[in-house]
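# Structural characterization, general
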2 protein chains.
Amino acid sequence: MTDIHDLTRRLQRSNDSKIILCVSDGLGGLPLTPGGQTELETAQTPNMDQLAQRGVTGMSIPVLPGIAPGSGPGHLGLFGYDPLQFEIGRGVLEALGIDFDLGPDDVAIRGNFCTIDGEGLITDRRAGRIASEIGKKLCEKLDAIEIPGVEVFVRHVKEYRLVIVFRGKGLGGHINDTDPQRTGVPPLEPQGRDEASSRTADICREFLTQAQTILQDDAPANLLTMRGIAKRPPIPTFEEVYGTRAAAIAVYPMYRGLARLVGMDVLDAGATLADQMTCLEENWNSYDFFFVHFKYTDSTGEDGNFSGKVEKIEDLDAAVPRMTALNPEVLMITGDHSTPAKMRAHSGHPVPTLLVAEQCRFDGSTSFGESVCRVGELGQFEAKYLMLQALAHAGRLDKYGA
Amino acid sequence: MTDIHDLTRRLQRSNDSKIILCVSDGLGGLPLTPGGQTELETAQTPNMDQLAQRGVTGMSIPVLPGIAPGSGPGHLGLFGYDPLQFEIGRGVLEALGIDFDLGPDDVAIRGNFCTIDGEGLITDRRAGRIASEIGKKLCEKLDAIEIPGVEVFVRHVKEYRLVIVFRGKGLGGHINDTDPQRTGVPPLEPQGRDEASSRTADICREFLTQAQTILQDDAPANLLTMRGIAKRPPIPTFEEVYGTRAAAIAVYPMYRGLARLVGMDVLDAGATLADQMTCLEENWNSYDFFFVHFKYTDSTGEDGNFSGKVEKIEDLDAAVPRMTALNPEVLMITGDHSTPAKMRAHSGHPVPTLLVAEQCRFDGSTSFGESVCRVGELGQFEAKYLMLQALAHAGRLDKYGA
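Rules used in this analysis
Residues numbered from 1 in each chain as written. Chains lettered and ligands numbered in written order. Predicted model: local features only at pLDDT ≥ 70, side-chain atom pairs only at ≥ 80, totals over all residues. Heavy atoms only, no water. Buried < 20%, exposed > 50% of the residue type's maximum accessible area, 1.4 Å probe, protein only. Helix = DSSP H or I, 4+ residues; strand = E, 2+ residues; numbered from the N terminus. Pairing = 2+ DSSP bridges. Phe/Tyr/Trp six-rings, centres within 6.5 Å; stacked < 30°, edge-to-face > 60°. Lys NZ or Arg CZ within 6 Å of the ring centre and 35° of its normal. Contact = heavy atoms within 4.5 Å. Axes fitted to C-alpha atoms, helices over the stretch in contact; angles between N-to-C directions. 1 Å grid on protein atoms, 1.4 Å probe; cavity = no way out; pocket = protein on both sides within 12 Å on 5 of 7 lines; lining within 4 Å. Points joined across faces, edges and corners; volume = space filled by probe spheres on them. Nonpolar A, V, L, I, M, F, W, Y, C, P; charged D, E, K, R; others polar. Least-squares fit on C-alpha atoms with pLDDT ≥ 70 in both. Lys, Arg positive; Asp, Glu negative; His and termini not counted. Salt bridge = Lys/Arg side-chain N within 4 Å of Asp/Glu carboxyl O. Polar contact = N/O pair within 3.5 Å; in protein donor to acceptor, adjacent residues only side chain to side chain. Buried area = accessible area lost by both parts, 1.4 Å probe.

## Considering the pairing of strand 10 (residues 289-294) of chain B
Remember that side chains alternate between the two faces of the sheet whenever the strand is regular. Residues and elements named next belong to chain B. Taken across its six residues, strand 10 has six buried, putting it largely inside the fold. Burial along strand 10 is two-sided: Phe289, Phe291 and His293 facing one way and Phe290, Val292 and Phe294 facing the other are all buried. Sheet analysis places strand 1 (residues 19-24) next to strand 10, joined by six bridges and oriented parallel. From the neighbouring strand, valine 23 faces strand 10, where its bridge partner is histidine 293. In this structure, strand 8 (residues 246-249) lies alongside strand 10, joined through four bridges in parallel fashion.

## Quick word on the packing of aromatic side chains
Counted under the stated rule, the structure contains 24 aromatic pairs over all chains. Ring centres of Phe79(B) and Phe238(B) lie 6.0 Å apart, and the angle between their planes is 90°; on these two criteria the pair is classed as edge-to-face. Of this pair, Phe79(B) sits in the loop between helix 4 (71-78) and helix 5 (90-97) while Phe238(B) sits in helix 8 (residues 238-242), placing them 159 residues apart in sequence. With respect to class, Phe79(B) is no different from Phe238(B); both count as buried. With a centroid separation of 6.1 Å and an interplanar angle of 75°, the aromatic rings of Tyr252(B) and Tyr296(B) are classed as edge-to-face. In this pair, Tyr252(B) sits in the loop between strand 8 and helix 9 (253-261) while Tyr296(B) sits in helix 11 (residues 296-302), placing the two residues 44 residues apart along the sequence. Residue Tyr252(B) is classed as partly exposed on the basis of its relative accessible area of 33%. These aromatic residues form a ring-pair network of at least three members: Phe79(A), Tyr81(A), Phe86(A), Phe238(A), Tyr242(A), Phe289(A) and Phe291(A). Positioned above the aromatic ring of Trp284(A) is the side chain of Lys18(A), whose terminal nitrogen or guanidinium carbon lies 5.8 Å from the ring centre. Over the aromatic face of Tyr296(B) sits the side chain of Lys312(B), whose NZ or CZ is 5.4 Å from the ring centroid.

## Points about the sheet that holds strand 13 (residues 379-382) of chain B
One key point about sheets: their strands pair by backbone hydrogen bonds, in either a parallel or an antiparallel sense. Residue and element names in this part refer to chain B. The mixed open sheet is built from eight strands, whose spatial order is 9-8-10-1-11-12-2-13. Only two strands of the sheet have a single neighbouring strand rather than two, namely strand 9 (265-266) and strand 13. The sheet contact formed by strand 1 and strand 11 (residues 330-334) spans five bridges and is parallel. In the sheet register, leucine 21 faces strand 11, and the bridge partner there is methionine 332. Packed on one face of the sheet, helix 3 (residues 46-54) meets strand 2 (56-61), strand 11 and strand 12 (351-357) and runs near 65° to strand 12. The strands that helix 4 touches are strand 1, strand 2, strand 10 and strand 11; relative to strand 1, the one it contacts most, it runs at about 155°.

## A few points about the sheet that holds strand 10 (residues 289-294) of chain A
All names here are of chain A. Judged by pairing direction, the sheet is mixed, and its eight strands sit side by side in the order 9-8-10-1-11-12-2-13 without closing on themselves. For this open sheet the edge positions go to strand 9 (265-266) and strand 13 (379-382), each flanked by a neighbour on one side alone. As paired elements, strand 8 (residues 246-249) and strand 9 share two bridges and run parallel to each other. Of the residues in strand 9, the one forming a bridge with alanine 247 is aspartate 265. Along the sheet, helix 12 (residues 306-324) makes contact with strand 1 (19-24), strand 10 and strand 11 (330-334), crossing strand 1 at roughly 170°.

## Remarks on unusual backbone geometry
Omega for the peptide link from Ala219(A) to Pro220(A) comes to 10°, which places this bond in the cis form. In this structure, Pro220(A) sits in the loop between helix 7 (195-214) and strand 7 (223-231). We note that Ala127(B) has phi near 50°; this positive angle belongs to a residue other than glycine. Inspection of the secondary structure assignment puts Ala127(B) in the loop between strand 4 (122-124) and helix 6 (132-142).

## Thoughts on empty space enclosed by the protein
Counting across every chain of the model gives four cavities of 30 Å³ or more. When its volume is computed, the largest cavity comes out at roughly 70 Å³. Contributing to the lining of the largest cavity are Val56(A), Cys360(A), Arg361(A), Glu377(A), Leu378(A), Gln389(A), His393(A), Gly348(B), His349(B), Pro350(B) and Gln380(B). Its residues placed into classes, the lining of the largest cavity shows four nonpolar, five polar and two charged.

## A look at the relation of the copies chain A and chain B
Of the two same-sequence chains, chain A is brought onto chain B (RMSD 0.2 Å, axial shift 0.0 Å) by a rotation of 126°. What we have between these two chains is a three-fold relation. Within chain A, the C-alpha atom positioned nearest to the axis of rotation is that of Val375(A), 3.5 Å from it. Of all interface residues in chain A, a mere 4% are interface residues in chain B too; the two copies therefore contact each other through different surfaces.

## Here's the deal with the pairing of strand 6 (residues 161-167) of chain B
Residue and element names in this part refer to chain B. Judged by how many residues are buried, strand 6 sits mostly within the fold: five of seven residues are covered. For strand 3 (residues 107-116) and strand 6, the ladder comprises six bridges, and the chain directions are antiparallel. Pairing of arginine 110 across the sheet is with valine 163, part of strand 6. As defined by bridge partners, strand 5 (residues 151-158) adjoins strand 6 across seven bridges and the pair is classed as antiparallel. The residue bridging lysine 158 from the neighbouring strand is arginine 161, located in strand 6. A loop of two residues connects strand 5 with strand 6, the two strands running antiparallel in sequence, and glutamate 159 in this loop sits at a positive phi of about 45°.

## Observations concerning the side chain of Asp363(A)
Mapped onto the elements, Asp363(A) comes out in the loop between strand 12 (351-357) and helix 13 (370-373). Of the side chains with opposite charge, Arg374(B) comes closest to the buried, unpaired Asp363(A), at an N-O distance of 5.1 Å. Among the polar contacts listed, one links the side chain of Asp363(A) to the backbone nitrogen of Glu377(A), at a separation of 2.8 Å. Apart from residues lying up to four places away in sequence, Asp363(A) is in contact with Ala52(A), Gly55(A), Val56(A), Thr57(A), Gly376(A), Glu377(A) and Arg374(B).

## A few points about the interface of chain A and chain B
Between chain A and chain B, the contact holds 27 residues from the first and 35 residues from the second. At the boundary of chain A with chain B, total buried surface from both sides reaches about 2,500 Å², with 59% on carbon and sulfur atoms. When the area that chain A buries against chain B is broken down by residue, the three leading residues are Arg361(A), Tyr400(A) and Ala402(A), summing to 33%. On inspection of chain A and its partner chain B, the count reaches 16 residue pairs in polar contact (both at pLDDT 80 or more). Contributions of two or more residues to the side of chain A that touches chain B are made by helix 1 (4-11) and helix 14 (386-393) of chain A. Broken down by element, the side of chain A that touches chain B gets its largest block of residues, four residues, from helix 14 of chain A. Partitioning the side of chain A that touches chain B into residue classes produces 13 nonpolar, seven polar and seven charged.

What follows is the structure in structure tokens.
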């Protein structure tokens, strides 16, 4: 069976076109009351409305109907990678999220500081949610651990959370979590499910033994558990599968890491949307494909802040003219998932999507919002197919078969 | 995972119903200006509009979103065969396109006459685009080539293009092209990727050696290259998977060949739509399923002739009453892909589709056009599922499971 990328590898055609994928994180929403308007429909978005009139709209299904994705699968889908095929382990995502430059042979682990009693039983799985300053210092101590045959990196994330990375040849990531998910029991023993992972499990045990000695006087954080032990999945690059030189303009480490994972160059922009637009303009001639990430529609949604999310959508709308002024052959605005303020969480609702290009089939969309997108020309589609539409509308795909 | 045909084999139920699948090649279009109407929407189509009011509409995705198919995958999809699973090699399509009756064991090759210099380097990959009369004569000379163990057929296509077929037992079609895709180098050696293909590559070499002797005084066409070396894919027949006796009424060889590939009887009709309708009427009692192919909506689209395509659509509309007069249980009108005059090429836009049957769920469609089909009852669906709808609406499918 030919998969998406077998197809794009075979059909890719190069030209001078430019494609912008603007991801407004958690864009999709819900009305607060039946019959009401969503965040996107409530927002005043004259620029995006005009784009909807010039282009086509539709609804993106991030993974499968009803499934709410995390940031990882949400973005992989938009990048054209089947999120059910390419799974990213928790440890890897955590490492990407702190901008750790993870190599293809590295094993990444999410760590949680915990408290054990005199008999080695866990009494607090989060070590009393220690302050970040304390967590940071403990990580610096653990970073001194040396294990023959591998490099060891220990990095602090936040409060009781940390990342451990083992770098070396022949490591494996198929190892169970040591967090038993309850108190009153000892941590689980790490066990590898194949030969490389067994060797790596030995390294985990050695690390935990040394850590226990180092942390013995640091109660409540006198040990740690390990979760989501994983290697980077082998992912073909954007350049290889689509033939595009791709750049990411994202502020938050997680999204920069996800972009790096698929082989995008990660550009350095300032923290504001205006900075991101400046970065886009300055790098316009150096790339074919630009991933622009806007975080705040998700964070306001997570906070349950309906009007805050509306404002952030309006901020994004105000930045649109700087993107259209560059005359990209294809401009897409969508989200990696919905984050309705009403739910204060990622949801499985489909995501409003907009695509503007010369060869669009006009679909009568009058504005950009869920009700309009529901009947747009792009239909309801799985997110992983959006890149096909982008490449097709940019003239970057040959005909399939004769 | 149960595939479509595993399902239809299990569920097929026979009855006296008649199904017509009318394929207007390249039917889907684009407005010339944003907000305008497509070719189909511009055309006056009172008969198809009435059908839309009696039936249901939708949008067919030929392969995957955005992917523009050639005629082969476009039609296989409509016939209910996954076009990504059943791939048809270039040589096979070329042989079908000249009405060559290809057997299941035959290896078909697309040949290009070329020019080589005294050192055997290619100086022109198309032999100066020799006239068809010359190409035809050279093919007759090559048709005399004899190779022990196989029958050899050489047929002219057009100008510098030809088809070579080897017929024999145990041949293989996994052989590289000998066309190096550039000049100044010799043709590539044919190499087989498995045992049967290696034997067949030997036959290719023997053919090319003899051809070089025969053509030595025929510059600029003093050799040929081979491309798309392939066997017919094993394809289950319409009768086996759907339980229908199927007939094709198509004028152009390519479409007759595609119909033959899935086991349809290919009927002989005159060249006009009226002739095709007469053929349909005359054979009405002999078959359950009729594939009627109308070419000219594609060719006018390829020519960039918007108003010409509109006229051809109106011609098709005028033929509709002869189809409805036969009272088929299911009548479908669709295209194998879009060929917008604006693009002068096959495109990946979804294709307007109409299905009329007694058990249709009325969807309020008022006419047959892209804007209406976008919100019709059939939704946006992959073309390979249309046959399921046809069989279901013809009462030819049992319930799945108890």
